[in-house]
Amino acid sequence: MKPIKTALCLSITSALIFGCASESNSPSEQAKTPLYSCENSNISAANDLRIYQVMVESFVNGDNSIGHGTGYGTSHHMGDIQGIIDSLDYIQSLGMNGLWLTPIFNSEPIAGQNHWADRLDATGYFATNYFEIDPRFGTLEDAKKLVDEAHARGMYVFFDGVFGHHKSNVVPSPSGLTPAGSDNPVHYPESLPFYKEVAEYWIKELKIDGWRLDQAYQVPTQAWQEIRKTVDEASQSVTYANQAGNQVNPLGYMVAEIWAGENKIIETGYGSNESPALCSAFDFPVRYRLVETLAVNESGVGGKTGEWIAEGMNLHALYPDHAKPNLMLGNHDLVRFGDLIQRGNLAEPVDDGYWQRYKAAISFQAAYTGPITLYYGDEIGDELAGFSNRIENDCAIIGKCDDHVARTSGRIEGINTTLNSQQANLKAYVSELMVLRAQHPALSKGSRTNVLADQVSYADVKQYQGESILYLLNVSDSDQKISISSDTIASSSTLTDLQSDEKIALSSGFYTIALSPFEGRFLHIDQPTDAAPIGLIAASATGTGDTFMSACDNPTLPEAGPIDKSLYVVGDFSDSNWKHTSSRAFEYKGNGVYQVVANEKPGSYRMQYATKDWKPQFTAEGLSVKLGQENTLKFGGYGKDTAVTILEEGRYVWSLKFDEIGTPLTILAAKCVN
């Protein structure tokens, strides 16, 4: 997915190469890693995916005779395959066409293991037998019934593949293979034959449609290319009857979990244009920007704008051509969106604003080019009553740590719950948008031109095979009237709201569009012009503030500054990965100013400015900086990371200013012009 912003695309052309620099293109390396195109993997079909994620042990109890009875989170911990089968009609009613199950392979206890290991077994993420269904979830026959009934409803089924770690008591495959080396992570390429057999086995045995890939960064990209080829070949070797009664091959879709920024996802997941590894990965970077705009992130950071979302979407241009990011709002390792709304003290479930924010986030997913994933419960605005703020002490014992608190019991209308009016309204809205997305391929497949991004709004024009749709989102809690020119959106006539059928007329070259708080609107451009929409131009990254702080050639002084310990830029950069490295050590330049100049790749980054013992540590006010603009420097702390977006490869200066007693004053980051 590539934005059409010409100026931006030109500015980061070099980044498309530099961002994949870890992939060698030498003839010898290419001989070791032969090209296997993502088009061979039928990745173009992935755009249409609307996946519903289920955490099996916490979802629905369909068989009282089985169940783990323990686990992480606050659920009943009695979920099973039968509970998912019972819920298929409900999932289908949401307009979803894919189902992702967390791992269901057998995880046998090790003699004498403690209750923490028992809880981990319930997640399925440390398997013992990759070729056997966990009897506490059901049987092989149950799994086959689930897949067959999902297929009959027109839904794909994806298993969760843990190909980088396992329990120490893993058993051999049917052909006698085992992984090699350590348990976490395992050794590659020695373990590759075993995991290729796993990937192939379930496609042939149950005709599943592919894999979600846990901690995909643990597996080398060369191995992913081979596993992907194995999945494709297995998928082409079997067929099943779809909802129309036609015989089709399993989809063969694979999506990576790489919880990182764009460059790490490229390096450990996508690979390069010359040697593609995986073809799809979850869009963690944009997910964070979305929740930071409409709620807060897990660290309580929020208050962002439409411009913040646009920056993240534009960074998709860094990805290789084959990349298909998959956008989710939450998952089993993240805090539920509803709880994040409450964590930011923005709204409670009794408030209209709570439901407006949920609808805004899901509308953004519906307008997203590429596959999307909905975590169970998001369709009804689920949250954990009484939980919002981070719990530090004994959170695992009570099931309320941030990394598993979203594993609440599944609440399925008609199965185990009755929805209130607000939940039912949101569910109906989700279903409506999923149908809209299915009926208008410009939403799921269209090229994207960002035409508006400011403090209160965000807008894209989506274009596909002659259809153009304007998606607008109000990211504020007040009514807005957006004025946008016909030239900007390449329109010559009326706009038609795809949900209400309202017609919006053109007047003196402009459209005036009303948006309620947090409303997303999908407006069909009834008569597109032959011209291209006019995208926004990326702002300059060069310094416009203090000339001394933005200079990259200030001499280092031998005298001591006001800070008596060495400071470092510490963040998620690819060359340091949250480590204090000498190349990112500040030097004293005088007048209370410390600077470090470093080569940076395009991407989004989070960082703090800290000593090796993290005492003291500093961050920017508002927890973000714009390149070339001064901001207030403050004392930092856990989770109080400064965010910055870099669009061009080059040398950058990071500058901090203190008074004579070490009180933080200002921060500036800028691209070097010399």
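Residues numbered from 1 in each chain as written. Predicted model: local features only at pLDDT ≥ 70, side-chain atom pairs only at ≥ 80, totals over all residues. Heavy atoms only, no water.

S.K.: How would you sum up the state of the cysteines? Please name residues and give values.
M.R.: Per the stated rule, a full pass over the model turns up three disulfides. The disulfide that involves C38 links it to C279, with 2.1 Å between the sulfurs. Because the sign of the S-S torsion sets the handedness, a value of about -95 degrees for the bond joining C38 and C279 places this disulfide among the left-handed ones. Of this pair, C38 sits in the loop between α3 (27-32) and β1 (50-54) while C279 is found in the loop between α10 (262-270) and β10 (280-282), placing the two residues 241 residues apart along the sequence. With respect to class, C38 is no different from C279; both count as buried. Two residues, C395 and C401, share a disulfide whose sulfurs are 1.9 Å apart. Its torsion about the S-S bond being 85 degrees, the disulfide of C395 and C401 is classed as right-handed. (Disulfide = S-S within 2.5 Å. Helix = DSSP H or I, 4+ residues; strand = E, 2+ residues; numbered from the N terminus. Buried < 20%, exposed > 50% of the residue type's maximum accessible area, 1.4 Å probe, protein only.)

S.K.: Could you give an account of the environment of G662, naming the residues involved and the relevant values?
M.R.: Secondary-structure assignment places G662 in the loop between β28 (650-658) and β29 (664-671). When the C-alpha atoms of G662 and N420 are compared, they prove to be 55 Å apart, with 242 residues separating the residues in sequence.

S.K.: Could you give an account of the sheet that holds strand β15 (residues 467-474), with specific residues and numbers?
M.R.: Paired through their backbone hydrogen bonds, the strands of a sheet run either parallel or antiparallel. The antiparallel open sheet is built from six strands, whose spatial order is β13-β14-β15-β20-β17-β18. Edge strands, defined here as strands with exactly one partner in the open sheet, are β13 (447-453) and β18 (503-504). Judged from the five bridges that link them, β15 and strand β20 (residues 520-525) form a sheet pairing that is antiparallel. Across the sheet, Y471 pairs through a bridge with F522, a residue of β20. (Pairing = 2+ DSSP bridges.)

S.K.: Explain the pairing of strand β25 (residues 617-620) to me, using residue names and the numbers behind them.
M.R.: Burial along β25 is two-sided: Q617 and T619 and F618 and A620, pointing in opposite directions, are all buried. When strand β24 (residues 603-610) meets β25, the two strands line up antiparallel, connected through two bridges. Within β25, the residue paired with A610 across the bridge is Q617. In sequence, β24 turns back onto β25 through a hairpin of six residues, with W614 there showing a positive phi of about 65 degrees. In this sheet, strand β26 (residues 631-635) lies alongside β25 in antiparallel orientation, the contact comprising three bridges. Residue A620 lies in a different strand from β26, and its bridge partner there is L633.

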